[in-house]
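Overview (structure and organization)
Here is how the chains run, residue by residue.
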Amino acid sequence: MAKRKSLIKIKPKKYTTGDVVKVNFMVMHPMDTGMRKDKKTGKIIPAHYINEVKFFFNDKPITTMTTWESLSTNPVFTLNFKVPGPGELKVIYKDNQGEVNEKSTKIKPKG
Amino acid sequence: MQRRSFLRGLGLVAAASTVVAPNMVMAAEAPKGPNAFTIDAALKAITGGKAVVASPKVHLKAPEIAENGAVVPVTVEVDSPMTDDDYVKAIHIFATKNSNVRCADVMLTPANGAAMFATRIKLGTSQDVMALVETSKGEFLSASQNVKVTIGGCG
C-alpha cells in the first residue's frame with residue numbers, strides 16, 4: 001500500500017471566522033483508465049483511480065465526492081469552505097484498488 | 001470442380017477471418033470500462049426522469065480549445081445563497097463523448113459557504129462538457145460548453 005503524496009492549500013492565507021476560503025486539495029495518483037497499454041510489455045494497465053473523496057471539519061462531513069477515471073492524472077479538487085472557527089480539516093480518499101489515505105490540516109482563523 | 005470448391009472454401013475462411021479479426025483487435029485495444037455509461041443513461045440515473053433546465057445561474061468555465069486533452073481545467077460555479085433552506089446539493093460533471101461520461105459527483109452542504117467546484121479532467125476527443133446541478137428544492141439545472149481537443153487524453 002503505497003503512501004500517496006498529497007497537499008491541502010487554503011487561499012487566502014490570512015482569514016477570519018466567517019470568511020469563505022478556497023480549499024485546494026491535490027493528490028499524486030496515476031488515475032489509470034484501464035484502456036491504456038504498457039508500451040514495454042504490451043499489456044493493459046489495469047484501472048486504478050480515486051473513486052471517493054470526503055472532506056471533514058472536526059469530524060463533521062462537509063463535502064462528499066464520487067469520482068471516476070475521467071479525472072486527470074494527479075487530480076486537483078478545489079472547493080469553497082466557510083470557516084466556522086478553529087479546528088481540523090481532514091480529507092479521506094479511497095481508490096478502486098482499496099487504498100485508503102487521509103490528509104489533514106489545521107484551520108487557524110486570525111482575529 | 002475440385003479446384004473451384006477448394007477456392008470457395010478458401011474464400012469463406014478468408015472472409016471469416018477478416019470479419020472476426022478486427023473485432024478481436026478492437027476488443028484488445030479498447031475494452032469497455034465497467035462504468036461505461038451513455039450521457040442519456042447517466043442523466044436518467046441521476047434525475048430519475050425529471051426535466052433538466054439549462055440555466056444562466058450555472059457558470060461552467062472550460063477552455064474553448066484544449067491543446068492537451070489529458071489535462072482540461074473545468075470550473076463550475078453556481079449562484080446560490082447556500083443557506084440551510086436553499087443550497088446546492090450536488091454538482092455533477094460529464095464529458096459527453098468519453099467512454100465513461102461521468103467525471104465527478106460532488107455533494108455539497110451549507111457548510112461550504114459558496115457553490116464552487118474545480119478540477120481537471122481528461123477528454124478523448126472534441127466534445128461537450130456538461131455540468132448538472134441539483135438544488136435542495138429538487139430542481140435540476142445545467143450548463144454545457146464545447147471543448148475542442150487537439151490531442152486526445154485517453155490512452
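1. Considering the sheet that holds strand E1 (residues 6-11) of chain A
Taken in spatial order, the six strands of this open sheet run E1(A)-E2(A)-E5(A)-E7(B)-E4(B)-E2(B), and their pairing is antiparallel. In this open sheet, the two strands that pair with only one neighbour each are E1 of chain A together with strand E2 (58-61) of chain B. Between one strand axis and the next, the sheet turns through 15 degrees on average, direction left out of account. Judged from the two bridges that link them, strand E5 (residues 76-82) of chain A and strand E7 (residues 115-121) of chain B form a sheet pairing that is antiparallel. Looking across to E7(B), one finds that A:Thr78 is bridged to B:Ala118.

2. Let's talk about unusual backbone geometry
Residues and elements named next belong to chain A. Residue Pro12 is bonded to the preceding Lys11 through a cis peptide linkage, with omega at -5 degrees. Located in the positive-phi region is Asp59, a residue other than glycine, with phi close to 65 degrees. Inspection of the secondary structure assignment puts Asp59 in the loop between strand E3 (50-57) and strand E4 (60-67).

3. Some details on the interface of chain A and chain B
Contact residues are listed per partner, giving 31 residues for chain A and 31 residues for chain B. Roughly 2700 Å² is buried in total at the junction of chain A and chain B, and carbon and sulfur atoms are behind 52% of that figure. Contact with chain B buries area across many residues of chain A, yet A:Met35, A:Trp68 and A:Ser70 alone supply 26% of it, more than any other trio. At the junction of chain A with chain B, the criterion picks out zero salt bridges. Taken together, the links from chain A to chain B amount to 19 residue pairs in polar contact (both at pLDDT 80 or more). For the side of chain A that touches chain B, the elements supplying multiple residues, two or more each, are strand E2 (20-27), E4 and E5 of chain A. Per-class residue counts for the side of chain A that touches chain B are 14 nonpolar, twelve polar and five charged.

4. As for the nonpolar core
The biggest cluster of nonpolar side chains holds 53 residues, and the ones touching the most others in it are A:Phe25, A:Val53, A:Phe55, A:Leu89, B:Val76 and B:Ile91. Among the nonpolar cores identified, the runner-up in size contains nine residues, and B:Ala42, B:Phe94, B:Met130 and B:Phe140 belong to it.

5. Side note on the packing of aromatic side chains
All names here are of chain A. Here the structure, examined in full by the defined rule, presents four aromatic pairs over all chains. Judged by centre distance (6.0 Å) and plane angle (85 degrees), the ring pair of Phe25 and Phe55 falls under edge-to-face. Of the two residues, Phe25 is situated in strand E2 and Phe55 in strand E3; the sequence distance between them amounts to 30 residues. Taken as a pair, Phe25 and Phe55 share a single burial class, namely buried. Ring plane angle 50 degrees and centroid distance 5.3 Å describe the contact between Phe57 and Phe81, whose orientation is recorded as tilted. One end of the pair, Phe57, is in strand E3; the other, Phe81, is in strand E5, with 24 residues separating them in the sequence.

6. Some thoughts on the confidence of the model for chain B
For chain B, per-residue confidence averages 79 on the pLDDT scale, and 74% of positions sit at 70 or higher. Taken element by element, chain B is modelled with least confidence in helix H1 (residues 2-29) of chain B, mean pLDDT 52, and with most confidence in strand E4 (residues 72-78) of chain B, mean pLDDT 93.

7. Description of the side chain of A:Glu69
One can find A:Glu69 in the loop between E4 and E5. B:Lys122 provides the closest opposite charge to the buried, salt-bridge-free A:Glu69, at an N-O distance of 8.4 Å. A distance of 3.2 Å separates polar atoms of two side chains, one belonging to A:Glu69 and the other to B:Asn100.

8. Overview of helix H2 (residues 39-47) of chain B
All names here are of chain B. Along H2, the residues classified as buried are Ile39, Ala42, Leu43, Ile46 and Thr47. Axial view of H2: buried residues confined to an arc of 115 degrees, hence all on one face. More than 90 degrees from the buried face of H2, the exposed residues found are Asp40, Lys44 and Ala45. Lining the buried residues of H2 we find strand E5 (88-95), strand E6 (102-107), strand E8 (127-135) and strand E9 (140-151). In the segment just after H2, Gly48 is the residue with positive phi, at about 70 degrees.

9. Looking at the side chain of B:Asp105
Counting through the fold element by element, B:Asp105 comes out in strand E6. Of the polar contacts made by the side chain of B:Asp105, one reaches the side chain of B:Arg102; its length is 2.8 Å. Ignoring anything within four residues of it in the chain, the contact list for B:Asp105 reads A:Thr64, A:Met65, A:Thr66, A:Trp68, B:Ile91 and B:His92.

Conventions and cut-offs
- Residues numbered from 1 in each chain as written.
- Chains lettered and ligands numbered in written order.
- Predicted model: local features only at pLDDT ≥ 70, side-chain atom pairs only at ≥ 80, totals over all residues.
- Heavy atoms only, no water.
- Pairing = 2+ DSSP bridges.
- Helix = DSSP H or I, 4+ residues; strand = E, 2+ residues; numbered from the N terminus.
- Axes fitted to C-alpha atoms, helices over the stretch in contact; angles between N-to-C directions.
- Contact = heavy atoms within 4.5 Å.
- Buried area = accessible area lost by both parts, 1.4 Å probe.
- Salt bridge = Lys/Arg side-chain N within 4 Å of Asp/Glu carboxyl O.
- Polar contact = N/O pair within 3.5 Å; in protein donor to acceptor, adjacent residues only side chain to side chain.
- Nonpolar A, V, L, I, M, F, W, Y, C, P; charged D, E, K, R; others polar.
- Core = buried A, V, L, I, M, F, W, Y, C linked by side-chain atoms within 4.5 Å.
- Buried < 20%, exposed > 50% of the residue type's maximum accessible area, 1.4 Å probe, protein only.
- Phe/Tyr/Trp six-rings, centres within 6.5 Å; stacked < 30°, edge-to-face > 60°.
- pLDDT = per-residue confidence, 0-100.
- Lys, Arg positive; Asp, Glu negative; His and termini not counted.
- Arc of directions from axis to C-beta.

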